[in-house]
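Given next are the chains, with one letter for each unit.
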Amino acid sequence: GMQSHLQALLSLYKLFCPEKVTITLPGRMKTYFKNSAGPSKAAIPAVRQRNQGTSPLSQAVFLGTSQPQSRKRKWNARLVIPASSTNTNNLEEDRKKNIYLYSTNESFPVEQLRTFPQLLQNIHRLEFPSQMGSVLTNPLLLHYMNCVKEESIYLRLYYWMGQMLQEECTWCVVDNPCEEEFKSFLKTVYKAECFLQEGFSACEEFLYKTLPLWDGICCRSEILSLVSWIPASSSSDIKSYLYDPLAQLFFTSSIYFKCSILESLKELLQNWLNCNVIQVDLEFSS
């Protein structure tokens, strides 16, 4: 049967080779192979330290990132779309021949996708790049992602984005002072959410996990922007994971910060209403 640990292993296989795993797996996987009591025990001193004074070490232990992660896979402001893993050899030959039209049996390399008409003509022959992070900066691939709605695509992006948010969060990782780079990354994610008109589940989990440790200052506008795109499906968790951490900051902060939180929650409500209206329209049409 489909046991949880087998699902976790299969999800990793599906992340790297989606075509090898044909069964349907949950979009949001839990963390396996770890001591479940560890984070709970570490949370107690982390909260104490936060109330007495910010302690980066306690925050890092709470999030399981006390050791600085390798930054070899570091993103930059201009993410370059890599060659598709299944078309690398063909792509080099086609570049030499300057061929931009392919037969219907061959896939169309995303590196040569330049215009919206190209997207329409080759939408059934496209392959997503091997590095899903490059999708965030490409409007054409975001269009494609919005049309295809393939589970493996969102799963790959979920794993990649979750890892990047955890590794690059400036108030959760020790000795990681690159606040401007992290701000730029959060802005890129937010722009992609606005384009798709939906929030990423990896961002939702990141916010729920880090808001209790957030000081309300670092990356303030970017964090509150991501709050406005939390999916409506998580409304049952909204009080304990969102309202309570924000309330602690709300009652001890300036008027400007209070207004910023209210503005973010207003946008969150508007996004929920828009999502609900679209869903009702679709049901009515069907």
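If you're wondering where the values come from, they're calculated on a predicted model, not measured in any experiment.

A. Region of the structure containing the overall build of the protein chain. Scanning the protein chain from N- to C-terminus turns up 12 helices and zero strands. Along the protein chain, from the amino end to the carboxyl end, the secondary structure elements read α-α-α-α-α-α-α-α-α-α-α-α. Contacts in the protein chain between residues at least 24 apart in sequence constitute 64% of all its contacts with a sequence separation of at least 6.

B. Looking closely at the environment of Gln270. For Gln270, the location among the structural elements is in helix H12 (residues 255–285). For the pair formed by Gln270 and Ser228, sequence separation is 42 residues and the distance between their alpha carbons is 8.7 Å.

C. Geometry of the pattern of salt bridges. Summed over the entire model, instances satisfying the criterion amount to five salt bridges. Glu222 is the partner of Lys187 in a salt bridge, and the nearest nitrogen-oxygen pair spans 3.9 Å. Of this pair, Lys187 sits in helix H8 (residues 179–196) while Glu222 is found in helix H10 (residues 220–227), placing the two residues 35 residues apart along the sequence. Taking relative accessible area as the criterion, Lys187 reaches 44% and is therefore assigned partly exposed. Taken together, the salt bridges that share partners define one network made up of Glu179, Glu180 and Lys183.

D. Expanded view of a nonpolar patch on the surface. A grouping of Leu6, Leu9, Leu12 and Tyr13 is seen on the molecular surface, where their side chains present a nonpolar patch of about 390 Å² in accessible area. Turning to its location among the elements, Tyr13 is positioned in helix H1 (residues 4–16).

E. Summary view of H8. The terminal C-alpha atoms of H8, which comprises 18 residues, lie 26 Å apart, in line with the 26 Å expected from a rise of 1.5 Å per residue. Turning to H8, its buried residues are Phe182, Phe185, Leu186, Thr188, Val189, Ala192, Glu193 and Leu196. Seen along its axis, H8 keeps its buried residues to an arc of 155°; they face one direction. For H8, the exposed residues lying more than 90 degrees away from the buried face are Glu180 and Lys191. Two residues or fewer past H8, Gln197 is found with a positive phi of approximately 60°.

F. Region of the structure containing the packing of helix H9 (residues 201–210) against H10. Look at H9 against H10: their axes get within 10 Å of each other, and the N-to-C directions meet at 120°. With respect to H10, the axis of H9 lies oblique. The two elements H9 and H10 meet at a crossing, and its hand is left-handed. The segment H9 lies against H10, with Cys203, Phe206 and Leu207 engaging Ile223, Leu226 and Val227. When the residues that make up the contact of H9 with H10 are grouped by side-chain class, the tally is six nonpolar, no polar and no charged.

G. Expanded view of the nonpolar core. Core analysis: the largest hydrophobic core is formed by 55 residues, its most contacted members being Met145, Met161, Trp171, Phe200, Trp214, Ile223 and Leu242. If you list the elements that add at least two residues to this core, you get helix H6 (139–148), helix H7 (151–168), H8, H9, H10, helix H11 (238–250) and H12. Ranked by the residues each element gives to this core, the list is headed by H7, at eight residues. The contact partners of Met145, leaving out residues within four places of it in the chain, are Phe128, Val135, Ile153, Tyr154, Leu157, Leu196 and Phe200.

H. Summary view of unusual backbone geometry. In this structure, Gln197 takes a positive phi of about 60° despite not being glycine. Mapped onto the secondary structure, Gln197 falls in the loop between H8 and H9. Phi is positive for Cys219, close to 55°, though the residue is something other than glycine.

I. How the structure looks around H1. Helix length check: H1, at 13 residues, gives a terminal C-alpha distance of 19 Å against a target of 18 Å (1.5 Å per residue), a fit within 8%. Buried within H1 are the following residues: Gln7, Ala8, Ser11, Lys14 and Leu15. Within H1, the buried residues cover an arc of 125° as seen down the axis, which keeps them to one side. Seen from the open side of H1, the exposed residues pointing more than 90 degrees away from its buried face are Tyr13 and Phe16. Taken together, the buried residues of H1 touch H7.

J. Geometry of the side chain of Lys258. By secondary structure assignment, the location of Lys258 is in helix H12. Buried charge without a partner: Lys258 forms no salt bridge, and the closest opposite charge is Asp215, 15 Å away. Only 2.9 Å separates the side chain of Lys258 from the backbone oxygen of Phe250, close enough to count as a polar contact. For Lys258, the side chain forms a polar contact with the main-chain oxygen of Ser253, separated by 2.7 Å.

Rules of the game
Residues numbered from 1 in each chain as written. Predicted model: local features only at pLDDT ≥ 70, side-chain atom pairs only at ≥ 80, totals over all residues. Heavy atoms only, no water. Helix = DSSP H or I, 4+ residues; strand = E, 2+ residues; numbered from the N terminus. Contact = heavy atoms within 4.5 Å. Salt bridge = Lys/Arg side-chain N within 4 Å of Asp/Glu carboxyl O. Buried < 20%, exposed > 50% of the residue type's maximum accessible area, 1.4 Å probe, protein only. Patch = residues over 30% accessible without salt bridge, like charges linked within 9 Å, V, L, I, M, F, W, Y side chains within 5 Å. Areas by Shrake-Rupley, 256 points an atom, 1.4 Å probe, with all protein chains shown as cover. Expected span 1.5 Å × (residues − 1). Arc of directions from axis to C-beta. Axes fitted to C-alpha atoms, helices over the stretch in contact; angles between N-to-C directions. Parallel < 35°, antiparallel > 145°, perpendicular 65-115°, else oblique. Left-handed = near helix turned anticlockwise from the far one by under 90°. Nonpolar A, V, L, I, M, F, W, Y, C, P; charged D, E, K, R; others polar. Core = buried A, V, L, I, M, F, W, Y, C linked by side-chain atoms within 4.5 Å. Lys, Arg positive; Asp, Glu negative; His and termini not counted. Polar contact = N/O pair within 3.5 Å; in protein donor to acceptor, adjacent residues only side chain to side chain.

In short, the description is geometric, and any link to function would need to be established separately.
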